[in-house]
Amino acid sequence: QIPVYVDSTSDPLRTIALIRNLGLMLGQEQKAEELASFVEEHVGMVDRRVAQLELSGADKTTVFFEWMAPYKTASGETDSHKPIAQAGGTNIAADQTIRMPVMSSEWIIRQNPDVIVCRISGDATRGEMQQKHDEIARRPGWDQINAVKDDRVYVIKADVLLTFRYPVGFAYYAKWFHPGIFGDLDPAAIHREVIETFFGTSEWSALVSGETFVYP
């Protein structure tokens, strides 16, 4: 028999354990601990501010999350929901009984979300991300939605919400949901720091060459 290790790269609650487990299996415990500590530090900073926001009694930002197809979203039982809630957002589809339901346009309009986040494939070009953003903003009747009226429609690549890059996507969510308390947060700087620290400056240069991770 061949030993096999199976884990999740999309569940943010598994990120730290995944990094440490891989470090153990590959004989790189010290490097894994450094990477795990980086993730914990940056995620923890956002967590603490969100906790203060909740203690103050401020309203959470309502969010419509779209993924894979128009109007397709994620319930509270999915990994996609977790960073929304953790960043202080209220997923408008959290109570849906289907994990990845397709909601009607009319239902979304009635919910009137403050922010719309569309998660897109890591292979998408900047042009494709812009096209998706514009398609969402121009849907019939969506000009009534606060997120569209206030220019709070965002497209983000799935890559920056997976494994060691989770703090990057998480930071974007936090800044989009609560710009007032995360005005000093720079997700792009966090992204550059983690890549250059653990993979080298040349890797960062190659990564950002013609690459866009969020739009706009």
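Scroll up for the structure.
Basis of the calculations
Residues numbered from 1 in each chain as written. Predicted model: local features only at pLDDT ≥ 70, side-chain atom pairs only at ≥ 80, totals over all residues. Heavy atoms only, no water. Helix = DSSP H or I, 4+ residues; strand = E, 2+ residues; numbered from the N terminus. Rg over C-alpha atoms; globule rule 2.2 N^0.38 Å. Expected span 1.5 Å × (residues − 1). Contact = heavy atoms within 4.5 Å. Phe/Tyr/Trp six-rings, centres within 6.5 Å; stacked < 30°, edge-to-face > 60°. Buried < 20%, exposed > 50% of the residue type's maximum accessible area, 1.4 Å probe, protein only. Pairing = 2+ DSSP bridges. Axes fitted to C-alpha atoms, helices over the stretch in contact; angles between N-to-C directions. Salt bridge = Lys/Arg side-chain N within 4 Å of Asp/Glu carboxyl O.

Enquirer: Please clarify how the overall build of the protein chain should be interpreted in this entry.
Expert: What the protein chain contains, in helices and strands, is 9 helices and 5 strands. Of the regular secondary structure in the protein chain, the N- to C-terminal order runs α-α-β-α-β-α-β-α-α-β-α-α-α-β. Since a compact globule built from 216 residues should have a radius of gyration of about 17 Å, the 18 Å found for the protein chain is in line with a globular shape. Its C-alpha atoms put the protein chain at 55 × 45 × 40 Å along the principal axes.

Enquirer: Help me understand helix H5 (residues 126-137) in this model?
Expert: Over its 12 residues, H5 extends 17 Å from the first C-alpha to the last, a length consistent with the 16 Å expected when each residue adds 1.5 Å. As for H5, its buried residues are in contact with strand S1 (61-67), strand S3 (115-120), strand S4 (153-157) and strand S5 (214-215).

Enquirer: It is not clear to me how the packing of aromatic side chains should be interpreted in this structure. Could you clarify?
Expert: On inspection of all chains with the given rule, the structure shows 9 aromatic pairs. Ring plane angle 85° and centroid distance 5.9 Å describe the contact between Phe38 and Phe198, whose orientation is recorded as edge-to-face. One end of the pair, Phe38, is in helix H2 (residues 29-55); the other, Phe198, is in helix H8 (residues 187-199), with 160 residues separating them in the sequence. Comparing Phe38 with Phe198, the two get one shared label, buried. Plain terms: the ring middles of Phe64 and Trp142 are 6.1 Å apart, the flat faces sit at 80° to each other, and that makes the pair edge-to-face.

Enquirer: Is there a simple way to think about the sheet that holds S1 in this case?
Expert: Each strand in a sheet pairs with another by means of backbone hydrogen bonds, the pair being arranged parallel or else antiparallel. Strand order in this open sheet of 5 strands is S2-S1-S3-S4-S5, and the pairing throughout is mixed. This sheet does not close on itself; its edge strands, each paired only once, are strand S2 (89-91) and S5. Here 5 bridges tie S3 to S4, and the two strands are oriented parallel to one another. Bridge pairing in S4 places Val117 opposite Tyr154. Packing against the sheet, H5 makes contact with S1, S3, S4 and S5, and its axis sits at approximately 145° to S4.

Enquirer: When you look at the pattern of salt bridges in this model, what are you seeing that I'm missing?
Expert: Charged atoms that come close allow side chains of opposite charge to pair. Per the stated rule, a full pass over the model turns up 13 salt bridges. Taking the shortest distance from any N to any O, the salt bridge between Glu33 and Arg20 comes out at 2.9 Å. Placement of the pair is Glu33 in helix H2 and Arg20 in helix H1 (residues 15-25), with a sequence separation of 13 residues. Glu33 gets classed as partly exposed once you look at its relative accessible area, which sits at 34%. For Lys157, the salt bridge goes to Glu211, with nearest N and O atoms at 2.2 Å. Residue Lys157 is found in strand S4, and its partner Glu211 is found in the loop between helix H9 (201-208) and S5; the two are separated by 54 residues along the sequence. We classify Glu211 as partly exposed; its relative accessible area is 28%. Salt bridges here are not isolated pairs; linked through shared partners, they connect Glu66, Lys132, Glu135 and Arg139.

Function cannot be inferred from these measures alone, as they are strictly geometric.
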